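Fold and geometry: a report
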Amino acid sequence: MSDQFQVGSYTFNSRLLLGTSGFPNYQVMLDALKAGGAELVTVAIRRLNLEASGEAGIIDILKDDFTLLPNTAGCYTAREAVLTANLAREALETDLIKLEVIGDDETLMPDGEELLRAARELVQDGFTVMAYTNDDPILARKLQDAGCAAVMPLGSPIGSGMGIRNPYNFQIIREYLEVPMLVDAGIGTASEAAFAMELGCDGVLLNTAVSGAEKPALMAEAFKKAVEAGRAAHLAGRIPRRFYAKASSPMEGRIASPGDE
């Protein structure tokens, strides 16, 4: 059964999006990206010197086999994020952008006010914006209303590996959104990715959980299977939770004991 994932005018078969930073070398990165079946991969534009062949090599390695999703990591104001997005569009010839506007160095939490300002400006400029945000249902809905093609709430702080700390907010955000919802940040292991998909997320974006694993390619493969399993479980529809037991076998027609008559 076809179950494609669409963001704006872009269509993908894989619902696992992977980052490209933190790997010990390019070969380990490529092995992990392929093992995870990723089609859409993120690159941090502010951390690349696009005019230096040595550092720009990652773009050359990725561009033929993957769709690049430049991000505005390292930006602290809407102005910085918009400038970085425009540099990415010019350098990579794409309108896709993963919008990040961070509030401080310690928590790396999004700055909602600056994020929303940047999102509105970038949408107006014709970008397909995928916005990294807090797990705030109201802000998520405002980002959708601003025209973002996807909204990506954090499960927990970037790189923490703490998983989804507030599944209740995730369920509310899912009810509020019509555009794709992806969990971005905080996922540490495969079961947490499956849980995100069971909650109704359309995809999972992660980096550190793979690049920091002892065996990155094997971990990426585990995430691929977890995302697929979680998506299937969501589509299948789980049974409701109950306080008391309910027999799986019917009571009617059972063999009567001698004392039952």
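Residues numbered from 1 in each chain as written. Predicted model: local features only at pLDDT ≥ 70, side-chain atom pairs only at ≥ 80, totals over all residues. Heavy atoms only, no water.

Some details on the overall build of the protein
Within the protein one finds 9 helices and 10 strands. Oriented by its inertia axes, the alpha-carbon framework of the protein measures out at about 90 × 40 × 35 Å. If you take every contact in the protein between residues at least 6 apart in sequence, the share linking residues at least 24 apart comes to 65%. Taken as a whole, the protein presents about 13,700 Å² of accessible surface, with 49% of it coming from carbon and sulfur. Taken as two groups, the 23 positive and 36 negative side-chain charges of the protein have centres that lie 5 Å from each other. (Helix = DSSP H or I, 4+ residues; strand = E, 2+ residues; numbered from the N terminus. Contact = heavy atoms within 4.5 Å. Areas by Shrake-Rupley, 256 points an atom, 1.4 Å probe, with all protein chains shown as cover. Lys, Arg positive; Asp, Glu negative; His and termini not counted. Charge placed at Lys NZ, Arg CZ, Asp CG, Glu CD.)

Let's talk about the environment of I138
Assignment of secondary structure puts I138 in helix α5 (residues 137-145). Along the chain, I138 and I173 lie 35 residues apart, while their C-alpha atoms are 8.1 Å from each other.

Side note on the pairing of strand β3 (residues 16-19)
The two faces of the sheet receive side chains in turn, since in a regular strand these alternate between them. The alternating pattern of β3 places L16 and L18 on one face and L17 and G19 on the opposite face, and all of these are buried. As paired elements, β3 and strand β4 (residues 40-44) share 2 bridges and run parallel to each other. Residue pairing across strands places G19 opposite T42, the latter belonging to β4. In the classification by handedness, the crossover that spans β3, the intervening helix α1 (residues 26-36) and the parallel β4 is right-handed. (Buried < 20%, exposed > 50% of the residue type's maximum accessible area, 1.4 Å probe, protein only. Pairing = 2+ DSSP bridges. Right-handed = clockwise from strand over helix to strand, strands pointing away.)

Focus on helix α9 (residues 216-236)
Taking 1.5 Å as the rise per residue, α9 with 21 residues should run 30 Å; its terminal C-alpha atoms sit 30 Å apart, in good agreement. Among the residues of α9, those classed as buried are P216, A220, F223, A226, V227, G230 and R231. Take α9 and look down its axis: the buried residues cluster within an arc of 130 degrees, on one side only. For α9, the exposed residues set more than 90 degrees away from the buried face come down to L218, K225 and A236. Just beyond α9, the residue with positive phi is G237, at close to 85 degrees. (Expected span 1.5 Å × (residues − 1). Arc of directions from axis to C-beta.)

Focus: the side chain of D135
Checked against the element boundaries, D135 lands in the loop between β7 (128-133) and α5. One buried charged side chain, D135, makes no salt bridge at all; its nearest oppositely charged neighbour is R165, positioned 8.9 Å away. (Salt bridge = Lys/Arg side-chain N within 4 Å of Asp/Glu carboxyl O.)

Side note on the pattern of salt bridges
Applying the stated criterion across every chain, the model contains 10 salt bridges. D3 serves as the salt-bridge partner of R15, at 3.1 Å between the closest nitrogen and oxygen. Pair noted here: R15 is in the loop between β2 (10-12) and β3 and D3 is in the segment before β1 (5-7), with a separation of 12 residues, a long-range link. For R117, the salt bridge goes to E114, with nearest N and O atoms at 2.5 Å. On the criterion of helical spacing, the pair formed by R117 and E114 is a turn pair, its members being 3 residues apart in helix α4 (residues 112-124). Here E114 falls in the buried class, since its relative accessible area comes to 17%. Each of the salt bridges in this network shares a partner with another, and the network as a whole consists of D3, R15, R174, D202 and R231.

Observations concerning the packing of helix α3 (residues 78-92) against α4
Interhelical geometry of α3 versus α4 gives an angle of 35 degrees and a closest axis separation of 8 Å. As for the relative orientation of α3 and α4, their crossing is right-handed in sense. Two secondary-structure elements touch here, α3 through A78, A81, V82 and A85 and α4 through E114, R117, A118, E121 and L122. By residue class, the composition of the contact of α3 with α4 is 6 nonpolar, no polar and 3 charged. (Axes fitted to C-alpha atoms, helices over the stretch in contact; angles between N-to-C directions. Left-handed = near helix turned anticlockwise from the far one by under 90°. Nonpolar A, V, L, I, M, F, W, Y, C, P; charged D, E, K, R; others polar.)

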